[in-house]
Amino acid sequence: MRRSALRDSLVAYAFLLPGFLFLAVWVVYPMLKALQISFYDWSILPGQVSRFVGLGNYVRALHDPLFWLSLKNTVAYALVTVSGQLLLGLIIALLLDRVTKGRVFFRAAYYLPVVTSWVVVSLLFKYLFNSSPSGFVNYLLVDVLHVMSAYVPWLSEPETAFVAIYSLGIWKGVGWTMVIFLAALDTIPTEFYDAASIDGAGRWQIIRLIVLPLLIPTVVIVLIMLTFGAFQAYVQVALITQGGPLHRTEVLLSYMYTRAFRDLDFGYAAALSYVLICLVFILGRLQLRMLRSEPVY
Amino acid sequence: MNKAAFSITGGLVAFSMLLTLGACGPAQTPTPVTVRETVEVLVTPTAGPQEPVTITFWHSYNEVSPENDMLVNTVIPMFEEQHPNIRIEPLTVPWEEFLRKLSTSMAGGVAPDVARLDIIWVPQLADMGALTALDEAMPDFDQYANAVFPGPLASNFWNGHYYGLPMDTNTKVWIYNQQMYDAAGIAGPPHTMDDLAGQCAAIKAVNPDAYLFAADGTWAWVMLPWIWSFGGDITDPDVTRATGYLNGPNTVAAYEFWLEMYNDGCFAPVVLGSGIDPFTGLAQGLYASIDNGPWTYPIIQSQFPDMEPHASLFPAGPGGSIDVVGGEDIVLFQQSDHPEEAMEFIRFVLSQEYQLQMAQVGQLPVRPDLIQSDYIANHPYYGIFLEQLRTSRSRTAHPRWQEMDEIITNAGQLILRGEMTPQEALDSAAAQIDAILAE
């Protein structure tokens, strides 16, 4: 009996091994290496001596105004796009849950942006928000809808450039949250709806008192995943504004990339990446703690 | 489930998700490393015909371009025919990707043997110890150094040594739309800054939405001709400090001129990133003039065949008519396993035959002895660039030039956005560059 249990677990380990090796080589090793690099004034050439600077790179980040600016922009991006994706995704899921005809079509339509390439849609948004009068958004708002009287140089002012970056982030992610919420809605037993209707509950009461409480575990997972994603925003910023003007749309990853691959300052960039990991880790734990709840039934 | 156990599990879940996300995110994406073929040469007395040595050569010519076509189909076969024991393996690496791919390859010990580098990268890579000092490695280095223009050669000099040789050069000149000049009644291109300022009203009178001049950013490549022609500079000649130069009266005057022209609607808003690019604007009659390089001609010919660009020297200020030198150098990497063969290719790149072939696809030669050749002498537009090159200057040779360039770019933005006066912005920029130079 004992021997077969041992054999079972050995078999299980054997099956785990390929995946674990993959993880070790491509994720764990680079992460540990980056941790090491973050304590050095790192020279990328093999055979050259890198100078150990201890926590120097981390202290430097604390005194680097561009680090704080890109952190602030990253947090703002997370706040706006996570809540936008969460709310819109939830609303669309609740609406689609009631739709009987064409449900597959709408689900596919909303999900389409999720599977498109970040590079393609970033370039598309850059084109849509072109500052010239011939830019599509300018044309639409000024010449067609007449809601604005003057053309806006969208991408050369940080405030308006963020409009383009935020709207891309939300548009691209709504389909994903919608699908997760739709799946969660499917798991709610229909008896609950029936019982509530018999008790005289209206549609809004059903959503507020039954559906939303039951969705909370899903909301927590979606919230954490979206926050992680938002803190890793890079392609949209790199392609739409390159962090400009004057670094005012820089986010943590775009700033890190410039430090590493333009200035070849790998030690500092690695330290920034560890600051990011710590922030996201703490944030994830806080979110779990704050939103944790026992099942309602 | 008790509270402690839950929070630990939660933490682990969050952490493992982070790992997974990290694996998908761009920062952690494993970068493909180019694996170089290394061919061992057997040098035994009994060996038959030798296996050719492969030399990898990185450049940033667009894969679908006349330059690449000439390189791959004409020039390299020419070299391989002369050197049957050497095979050249060219690789296109886009300019934007070049440093990233190069640093990844060097970290993996598989740097290319030779590369065509933007001249502004040479000091940065030499300072890292990535490049071989050619004046030490090539016994006949002086012969080649003496055969090229001194300006482009200087871009290879760092810390007492030459780490490369110039491969091609360029500069910018004043390029204008003759039809717009005619419509506005302007006799010809501006010879001085005062001429230039006087042309604005005539252009605006014909079309209020048109601009006298357009450039697409405030980086040094755009601003240096103005700074130098106004008699200003970035640093002292020995590159020890910027204070007194970048914030000196002449540099401030150049930026004040720019600010006034920008605020008066004479210089186009595309300098801050909004609007139509300079080439399109020039061709479509929106911008009367631009300051740009020889590539302007093929770009305009392919996209706007009806437009014929005209060129003259950059308008002179108190400091003269001074534009900026661009171009590329060829360098040899320390990691090369076959430096002798690689240097043979470098010698070929400096030869008259290579330089003349590449001149046919827009690469200005670096050898003064070719200026009198029939091809260059009869060329429709090289002449004006070669004339401007006599006074053009190089950007500061410093490993951290790109950071300095960013400081200059930001100062220009702050000035044109009206957030700081030219003096304030340049005082601050000079102090930041002083800090870099002091390290």
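Calculation rules
Residues numbered from 1 in each chain as written. Chains lettered and ligands numbered in written order. Predicted model: local features only at pLDDT ≥ 70, side-chain atom pairs only at ≥ 80, totals over all residues. Helix = DSSP H or I, 4+ residues; strand = E, 2+ residues; numbered from the N terminus. Rg over C-alpha atoms; globule rule 2.2 N^0.38 Å. Buried ≥ 20, exposed ≤ 12 C-beta atoms within 10 Å, placed from the backbone. Contact = placed C-beta atoms within 7 Å. Pairing = 2+ DSSP bridges. Axes fitted to C-alpha atoms, helices over the stretch in contact; angles between N-to-C directions. pLDDT = per-residue confidence, 0-100. Domains from an automatic or database assignment. Nonpolar A, V, L, I, M, F, W, Y, C, P; charged D, E, K, R; others polar.

Quick word on the overall build of chain A
Logical step 1: Looking only at helices and strands, chain A has 12 helices and two strands in total.
Logical step 2: From first element to last, N terminus to C terminus, chain A shows the α and β order α-β-β-α-α-α-α-α-α-α-α-α-α-α.
Logical step 3: The C-alpha radius of gyration computed for chain A amounts to 24 Å, which surpasses the reference 19 Å derived for 297 residues by more than 25%, pointing to a less compact arrangement than a globule.
Logical step 4: Its C-alpha atoms give chain A principal-axis dimensions of about 80 × 75 × 30 Å.
Logical step 5: Counting every position in chain A, which comprises 297 residues, the buried fraction comes to 32%.
Logical step 6: Of the contacts formed within chain A by residues at least 6 apart in sequence, a portion of 69% connects residues at least 24 apart.

Here's the deal with unusual backbone geometry
Residues and elements named next belong to chain A.
Logical step 1: Phi at H146 is positive, roughly 55°, even though this residue is not glycine.
Logical step 2: Residue classification places H146 among the exposed residues on the basis of 8 C-beta atoms within 10 Å.
Logical step 3: Phi angles above zero are rare outside glycine, and H247 is one such case at about 65°.
Logical step 4: One can find H247 in the loop between α10 (235-240) and α11 (252-262).

Structural notes on the sheet that holds strand β8 (residues 211-214) of chain B
Residues and elements named next belong to chain B.
Logical step 1: Strand order in this open sheet of four strands is β8-β9-β7-β10, and the pairing throughout is mixed. Bordering the open sheet on either side are β8 and β10 (310-312), each of which pairs with just one other strand. When strand polarity is set aside, the average angle formed by the axes of neighbouring strands in this sheet is 25°.
Logical step 2: Pairing of β8 with strand β9 (residues 287-292), which is carried by three bridges, proceeds in the parallel orientation.

A closer look at the confidence of the model for chain B
Residues and elements named next belong to chain B.
Logical step 1: Averaged over chain B, the pLDDT score is 88; the fraction of residues at 70 or greater is 89%.
Logical step 2: Counting interchain partners and residues more than four positions distant, the pLDDT-below-50 stretch residues 1-48 has 57 contacts.
Logical step 3: Scoring of the predicted complex yields 0.79 for pTM and 0.72 for ipTM.

Remarks on the environment of E419 of chain B
Residues and elements named next belong to chain B.
Logical step 1: Counting through the fold element by element, E419 comes out in the loop between α18 (401-416) and α19 (422-438).
Logical step 2: C-beta crowding within 10 Å serves as the criterion here: with 11 such atoms nearby, E419 is assigned to the exposed category.
Logical step 3: In the structure, E419 is positioned 338 residues away from E81 in sequence and 60 Å away in space, judged by C-alpha atoms.

Here's the deal with the domain arrangement of chain B
Residue and element names in this part refer to chain B.
Logical step 1: We note that the domain assignment places domain 1 (53-170 + 326-389) and domain 2 (173-323 + 400-438) within chain B.
Logical step 2: On a C-alpha basis, the centroid separation for the pair domain 1 and domain 2 is 29 Å.
Logical step 3: With 11 residues of domain 1 in contact, the opposing surface of domain 2 contributes 13 residues.
Logical step 4: Here the element with the most residues in the side of domain 1 that touches domain 2 is helix α17 (residues 382-389); it accounts for four residues.
Logical step 5: Its residues placed into classes, the side of domain 1 that touches domain 2 shows six nonpolar, four polar and one charged.

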